[in-house]
Every structure is written in structure tokens, then in C-alpha cells.
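# Tertiary structure, described
Residue-level listing of the chains:
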Amino acid sequence: MRKFAIIGFGCAGYNGAKSLREHAPNVVIDVFDPSRRSPFNPMLSTYHAAGKLPYDAVFPFGSLEEICRALDLNYFSENVLEVTADRTIRTESDLYRNYDGILLATGADAMVPGSLRCSGNRWFTMRTLDDALALRQHLDTNQVRSAAVVGGSMVGIKVAELLHSEGVNVTIVDAASHLFPLAAYESTARFIQRQLENKGLGFRFDAKVTAIDEDGIAFADGSALQADLVCLCIGTRAGTRSFRNSSVQIGHAVVVNSHMETSVPGIYAAGDCCEGINLQTGKTAVIGLWANAAMQGACAGANMAGDHADCPGNILHNITRFFDMDFISLGDITLPGCKHLFDCPEFFVSLVMDGNTLQSVNVVGNYRVSGILKHHLVKQLTGGASTTFTPAQRGLLERNGLPREFIQLIGGSPNDRA
Amino acid sequence: MKYVFVLDESKCVACSACAVACMDQNDIDPLAGDIPFRAAFVDEQGPVEDPKFTFLSIACMHCENAPCMIACPTGCLKKDPETGFTVFDNTNCIGCHSCAMACPFAQPCFNDNSGKMTKCDGCVERVKRGMQPACVKVCPFGALSLVSESEYQELMRTDARKKISYKILD
């Protein structure tokens, strides 16, 4: 009987196991994950810490017992220390096992540079369920008047929202020159910043943090910011430590092809520990999103079973709601082109076009156009079908506030009437 | 039995009766800020002297591999095994809008009052009890219909044959 190992059990690991079981009902599937917890979505950490989501609800696929029973999985709650090119794994209890196929799905950890580590109990990260529980406990048992959130991206803004809602005086600090440096045009970021300043948040940009201590944070220019609490939200680092000796190609994460296979035959990777294909650049990149991890895991599971599934790639995209505001970013904002703006009192759409090709989009205040624009952008890149909007899409964009001229600019056909 | 919503554009006049019936069925009050699940509209293209009109009625397509379902971080969206509709239980919805970004038809909508996303559920409870979805039942021209998967396949085959015939006759 064929045997498979899945290392790491988050969204990608779960979907890999599910797909593998669907495609190969009679194989042995061993899952290695030290958490003893059901797959957890890191995005939910701030919601749980804010009390908006109860403990059981942060496990969207059900309990670990239910999952293992339904998918007939053998669960080993231990770390895998090493994966070798002949598909042998070594665990921390010195268990050696050889497999017909391995799925690397270890996810990513919150990035904490060594220089910023400190021994105090007033600094936090926000990635895992334990991070959420620790912050919640601290807020419940201490009087926190001021906080510094280091990192002005998706996680940082949600942590800032949570702290602000509890009456904490929050300052967002970032080494970049503006909020959402990877997702927002500067003009969009400044608009959002103004809205948040009106709500009482403070900002400090171009500010390199050199140390975190009991008093707050210290900056490279010698200045300091006093804070009762510091939360470090400066991104993630792929969990690739145990694969370093396996011969799999590793860049920022494990490099995979469109079948989710690594450079070593029979070893696959999916989710935040891997670099799939960025459709806009054609290069591999980490696109750490829940749905992306699900699709990658499902593709890897099918291929491990012997099917020929394809995961052609994705684009950078994000939607986030904070302080009653929606911000949507689609595509790589660094790509060149001509910038266009549609601005009305309720929302604005800002985008970059290179000739007739949509490169990137920022939307504030209108989530309803996001799905159509995202699919249009992906459709442009995957080719095949027409790259103009269908009558249904045109009508829906128009009904959701975009003027005809703007719709035609993005995806009109020569016959469209502006 | 899995079902498919079919819109016959040649019969639709975008009268919005379907949209009103949907609002009635689902207690949707646009004046109170609710967003209707179904929308009917006319798309007018081409030169003014020779315009091309497309009449449409759009709601959730209940996609087979529903991208909204994959995107939902809390598992609120599911496929109803009996009807194949994409249904939801938004108890744990965090209002993150991930489903909206995943939908190519701009269907999931945010309810400001509840702070949660909602969408068309295909009138799943009506259909399970042998009734038509509200939008289908009210359509005065028979443009909207709910058919089984096998009926849908047959419709597609017939449609394809018609198109080939027209092409030959042209």
C-alpha cells in the first residue's frame, strides 16, 4: 500500500489530505504537526483576540478528531526535523520513515529579527492562535494605555483596530514611507492614513526600529517611542528549516512548479511555505492567502495520488475591512503604466493600465466591484477567453457605481458604447 | 438532485419582477440599507443607430467549484448536498469580504446592520419542499427557470444544435 506524509496541517495540509484521500481512497496518509490542533487560519487571530470569534469557530474544518476520522489520517503530534531527497523524514522522536510522496505544508511564522527579540512580556506577534490568546490575556490582565504596532500592513492595521477599540492610544510604525507599502499606491495610503488620523491613530513612517524594550521601541535615528505594549507585524517567514537538507530548491520559500511539485520528484509543497507562480511576473513568489493555500493543497494532493492537476498561479490580491472601511488591492503595484482614478463621495478606484492591460488596482469603499476586477485581471493573464467584460460584468460594475467610461477603459471592447 | 438556474436572454425584458420577488422572499429592504440579491438590467452596446440590447437578471450562479466557498476563512459557505446550491450559515462570518473578492459576479453582499455577509441561497428551503425559487416563480415571461443538471445538459445540446442550424441557414 502506498504511503504519503503531510508535514504541517493548516489550510494547505488539510486540503492536500482531503484531495489525496478523494483521489486515492486506499493509501496511508500520515500527518505530522506538533500543534495537536485542527487547521487554524492565521487571519482569524486578530478576530479571536478581539472577541469577535469564539474559540471553536477559528477551526473552519471542524475538530482534529473529526477530520482525522473522516479522512482516515494518522496524526503524529511532533516536529519533522529533516526531509531528505529520497523522501525519508526524521522526526524529533527519531522516527525515520520513507514515503511514496511528501507534501510540505508547514506554513509561515511571524518574522521577528534577532535584533528585535527581547525578554519582556509586553511585546507580541500576531500570527498563531497562541499569539491571539497571549494578547487577549495581556489586555484582560493589564492596563494598557499606549501601544506601538510595528508594521502598517494587513495584520498591523487589524491589531491597531483591536487595540483602538479597547481605548488604547495606538501608533503605527513602519520602515516604509506609507501604509500598506506592498499593496497601496502612496495616494491611496495617504487617504487611508488621513481617515485613521481622524479616528485618533498616530503614525510614524520611514522609521527603522532597532530595539524593543520594556519602555517601548527605539529607532535608528536615536529617538524612542514609549508604549505599554508593542506588537510586531512585519510579515512572515516561510517555515523551511527542516527541508534545508532535502535538496528541494528554496528561495524565500520552497519553489514549486504549476503541479505544486518541488525540484525533488515526489516532494510537493503548498501554502505559505512555498513559492507558486505569480501570473504577472511569471516568476515564483509567496502569495500567502487562505484560498491560494486551499487550491495549492488540493492540486498537490491530486498529483500525489497520480492525477495531473494544475495550479497555474495567482496574482497578489487582498481585501481587508478595518475601521468600517474596505480596502482592496489587486495586482503588483510596482508594475509600470498610466494611472487612472475614479473618485466619488462614496468610494474611489485607482488603477494602473499599461496600454490596454490592467496592471494593478486599489479600491477604497467599494468591495462589490472587487471580484469582477480581480477575475478580469486574472483572465487577462491566463489568456484564452476574451479580455473584455461580459454584458453581465459591465452591468454589475455600472450598478455598483462605476461610470461607463471607466468600465470601458478597463475592459471595454471596440463596440462598447461609453 | 442538483439544480441549475437558467436565464433565457431572448425572453427576459429586465422587468425586475424577479428582483422584487427575491426581496420579498428574503425580507430585503433597500431603503434600510440592504443590498438586493438579484438585479435585472439592460446592457446597451454598439452604435446609437444600431444598438444591441442584452437583457439580464443576475444573482448567485451557485458555481460548481464555488470560489466564495474556498475563500471563506471561517467555513460559512457550503454546498447543499441535496440541491447543489451554495448556501451559508453566517453565524461565524467576520465580514472580511473575502467571499466578495472571490466572486466573479459581485454577489456576496455585506449587511451593515449585522456586520455579516449574505447572498442568494437559491431559495433552498422552497426548492426542497418542491416549490420554485421566488424569482423563477414570478417571472412573467418564463425567462428564468430552475432545471436539473441533466435537463441543463440537454438544453445545452439543443442550444448548440440550434446555433449550428442557424449558421448553416445563414
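Position numbers for residues count from 1 along each chain, tracking the sequence in the order it is written. Lettering for chains starts from A, numbering for ligands starts from 1, and both go in the order in which the items are written. Given that this is a predicted model, residues contribute local features only at a pLDDT of at least 70 and side-chain atom pairs are listed and counted only at 80 or more, while totals for whole chains, interfaces and linings are drawn from all residues.

## Topic: the overall build of chain A
A count of helical and extended segments in chain A gives 10 helices and 26 strands. Computed over its C-alpha atoms, the radius of gyration of chain A comes to 23 Å, within 12% of the 22 Å expected for a compact globule of 418 residues. Across its three principal axes, chain A shows a C-alpha extent of roughly 65 × 60 × 35 Å. Residues with at least 20 neighbouring C-beta atoms inside 10 Å of their own are called buried, those with 12 or fewer are called exposed, and the rest are partly exposed, where every C-beta is derived from the backbone. In chain A, which comprises 418 residues, the share counted as buried stands at 50%. For chain A, the share of sequence-separated contacts (at least 6 apart) that also reach a separation of at least 24 residues comes to 63%. Labels follow the DSSP assignment, with helices taken as runs of H or I lasting at least four residues and strands as runs of E lasting at least two, numbered in each case from the N terminus. Our radius of gyration looks at C-alpha atoms and nothing else; its globule reference is 2.2 Å times the residue count to the power 0.38. It is the C-beta atoms, placed from the backbone, that decide contacts: two residues are in contact if theirs lie within 7 Å.

## Focus on the overall build of chain B
On a plain count of helices and strands, chain B comes out with six helices and eight strands. Mapped from its N terminus to its C terminus, chain B presents α and β elements in the order β-α-β-β-α-β-β-α-β-β-α-α-β-α. For chain B, the spread of C-alpha atoms along the principal axes amounts to about 55 × 40 × 30 Å. Summarising the internal contacts of chain B: among those between residues at least 6 apart in sequence, 56% fall at separations of at least 24.

## A closer look at the nonpolar core
All names here are of chain A. For our purposes the nonpolar core covers buried Ala, Val, Leu, Ile, Met, Phe, Trp, Tyr and Cys residues that link as a set through C-beta atoms within 7 Å. Judged by nonpolar contacts, the single largest core of 182 residues is most densely connected at L104 and V149. Ranked by residues supplied to this core, first place goes to helix 7 (residues 290-304) with 10 residues. For L104, the residues in contact, after removing those within four places along its chain, are I7, G8, F243, V254, I267, Y268, A269 and C273.

## Comments concerning unusual backbone geometry
Positive phi, close to 70 degrees, is recorded for M260(A), a residue that is not glycine. With respect to the element layout, M260(A) can be found in the loop between strand 18 (254-255) and strand 19 (267-269). The residue C123(B) is not glycine, and still its phi comes out positive at about 50 degrees. Mapping C123(B) onto the fold places it in the loop between strand 7 (116-118) and helix 4 (124-128).

## Focus: the interface of chain B and chain A
At the junction of the two partners, chain B supplies 29 residues and chain A supplies 36 residues. Those elements that provide at least two residues to the side of chain B that touches chain A are strand 2 (39-45), strand 3 (52-58), helix 2 (67-71), helix 3 (98-102) and strand 6 (109-111) of chain B.

## Comments concerning the domain arrangement of chain B
Residue and element names in this part refer to chain B. In terms of domains, chain B is made up of domain 1 (1-59 + 122-170) and domain 2 (65-119). An automatic or database domain assignment provides the domain bounds reported here. Here domain 1 and domain 2 have C-alpha centroids that lie 21 Å from each other. Counting residues at the interface gives 12 residues for domain 1, matched by 13 residues for domain 2. The biggest single contributor to the side of domain 1 that touches domain 2 is helix 4, with three residues. Charged means Asp, Glu, Lys or Arg here, nonpolar means Ala, Val, Leu, Ile, Met, Phe, Trp, Tyr, Cys or Pro, and polar covers whatever is left, Gly included. A breakdown of the residues in the side of domain 1 that touches domain 2 according to their chemical character gives seven nonpolar, two polar and three charged.

## Examining helix 7 of chain A
All names here are of chain A. A helix is expected to span 1.5 Å for every residue after the first. Between its terminal C-alpha atoms helix 7 stretches 21 Å, which fits the 21 Å expected from 15 residues at 1.5 Å a residue. Burial runs high along helix 7: 15 of the 15 residues are buried. Looking at the residues trailing helix 7, positive phi occurs at G306, about 110 degrees.

## Regarding the confidence of the model for chain B
Scored by pLDDT, chain B comes out at a mean of 92, with 95% of its residues at no less than 70. Both scores are available for the predicted complex, with the pTM at 0.92 and the ipTM at 0.91. Each residue carries a pLDDT score, the predictor's confidence in it, ranging from 0 to 100.

## A word on the sheet that holds strand 5 (residues 88-91) of chain A
Residue and element names in this part refer to chain A. Spatially, the three strands line up as an open sheet ordered 4-5-6, and their pairing is antiparallel. Two strands close off the open sheet at either side, each with one partner strand: strand 4 (80-83) and strand 6 (96-98). Going across the sheet, the axis of each strand differs from the next one's by a mean of 25 degrees, ignoring polarity. By this definition, two strands are paired if DSSP reports at least two bridges between them. For every element, the axis is a line fit to its C-alpha atoms; helices are fit only across the contacting stretch, and the angle between N-to-C directions ranges from 0 to 180 degrees.

## Section: the environment of V31(A)
Residue and element names in this part refer to chain A. With respect to the helices and strands, V31 occurs in strand 2 (residues 28-32). Separated by 45 residues in sequence, V31 and F76 place their C-alpha atoms 6.0 Å apart. With sequence-adjacent residues up to four places away left out, V31 is seen in contact with I6, F9, G13, A17, L73, N74, Y75 and F76.

## A word on the environment of C274(A)
Residue and element names in this part refer to chain A. One can find C274 in strand 20 (residues 274-277). Taking the number of C-beta atoms within 10 Å as the measure of exposure, C274 has 34 and is therefore buried. The spatial distance from the C-alpha of C274 to the C-alpha of M260 is 8.7 Å, given a sequence separation of 14 residues. Setting aside residues no more than four positions away along its own chain, C274 makes contact with A253, V254, V256, A269 and Q296.

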